Amino acid sequence: VQLQASGGGLVQAGGSLRLSCAASGRTFTNYAMGWFRQAAGKERELVAAISMSGGSTYYADSVKGRFTISRNKTKNTVYLQMNSLKPEDTAVYYCAAGTHYNDGILINARSYNYWGQGTQVTVSS
C-alpha cells in the first residue's frame, strides 16, 4: 500500500491543522493505521492510532483531548485533526499502515509495514 501524507504547515500556538493520509494500492480497510511524529533530535513516537474497523483508537498522553484520529473508508484516507497546537507539537508527522488480525491497535513502530513520506508541522509561539 502507498501512503501520501499532507496537510502540514506553519501555525500559531493554539491553532489547528488537519493532516490527511491517502492510501492506495491495497485494500485500505485491511490495515490498522497510525500517526507518528519525529521532532529534531528526538526519536519517532506514536501520536495516535486507529484499528481497521475504526472502532478503537489510541492517543499518546501528550495529545489526548487535543488530537483526533479518524478514517474514511470510502476515501481510503485517515485523518489527524490537531487542535490547540503547542510549540512542542512541532515535528515531521508520518502516517503508517500495518496488519492487526484481531482488529486492534498497533503501538510499536515495528508493527507497521508501510510508511508515508512525512509532512512538516511547525507551531510558533
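Residues numbered from 1 in each chain as written. Predicted model: local features only at pLDDT ≥ 70, side-chain atom pairs only at ≥ 80, totals over all residues. Heavy atoms only, no water.

Asks: Which parts of the structure should I look at to understand the overall build of the protein?
Replies: A count of helices and strands for the protein gives zero helices and 11 strands. Secondary structure of the protein in N-to-C order comes out as β-β-β-β-β-β-β-β-β-β-β. Oriented by its inertia axes, the alpha-carbon framework of the protein measures out at about 40 × 25 × 25 Å. Taking all contacts inside the protein whose residues are at least 6 apart in sequence as the whole, residues at least 24 apart take part in 58%. Total accessible area on the protein stands at roughly 6300 Å², and carbon and sulfur atoms take up 43% of it. (Helix = DSSP H or I, 4+ residues; strand = E, 2+ residues; numbered from the N terminus. Contact = heavy atoms within 4.5 Å. Areas by Shrake-Rupley, 256 points an atom, 1.4 Å probe, with all protein chains shown as cover.)

Asks: Before we go on, may I ask you to explain the side chain of Arg66 in this structure?
Replies: Mapped onto the elements of the fold, Arg66 is located in the loop between strand S6 (57-59) and strand S7 (67-72). Discounting residues that sit within four places of it in the chain, Arg66 has contacts with Gln81, Met82, Asn83, Ser84, Leu85, Lys86 and Asp89.

Asks: Looking at this structure, I do not really get the state of the cysteines. What am I missing?
Replies: Such a bond, covalent and formed between the sulfur atoms of two cysteines, is termed a disulfide. Tallied over the full model, the rule gives one disulfide. With a sulfur-sulfur separation of 2.1 Å, Cys21 is cross-linked through a disulfide to Cys95. Taking the torsion about the sulfur-sulfur bond, which here is approximately 65 degrees, the covalent link between Cys21 and Cys95 counts as right-handed. Taken together, the residues span a long stretch of sequence, with Cys21 in strand S3 (residues 17-24) and Cys95 in strand S9 (residues 91-98) at a distance of 74 residues. For the pair Cys21 and Cys95, one class covers both residues: buried. (Disulfide = S-S within 2.5 Å. Buried < 20%, exposed > 50% of the residue type's maximum accessible area, 1.4 Å probe, protein only.)

Asks: Would you take a moment to explain unusual backbone geometry for this structure?
Replies: In this structure, Asn76 takes a positive phi of about 50 degrees despite not being glycine. Mapped onto the elements, Asn76 comes out in the loop between S7 and strand S8 (77-82). Taking relative accessible area as the criterion, Asn76 reaches 26% and is therefore assigned partly exposed.

Asks: Can you help me understand the sheet that holds S8 in this one?
Replies: What links the strands of a sheet is backbone hydrogen bonding, and the strands pair in either a parallel or an antiparallel sense. Strand order in the open sheet formed by four strands is S1-S3-S8-S7, and the pairing between neighbours is antiparallel. Edge positions in the open sheet fall to strand S1 (2-6) and S7, since each of these has one partner strand only. Across this sheet, the average inter-strand angle for adjacent strands is 15 degrees, counted without regard to direction. Where S7 and S8 come together, six bridges link them in antiparallel fashion. The residue bridging Ile69 from the neighbouring strand is Leu80, located in S8. (Pairing = 2+ DSSP bridges. Axes fitted to C-alpha atoms, helices over the stretch in contact; angles between N-to-C directions.)

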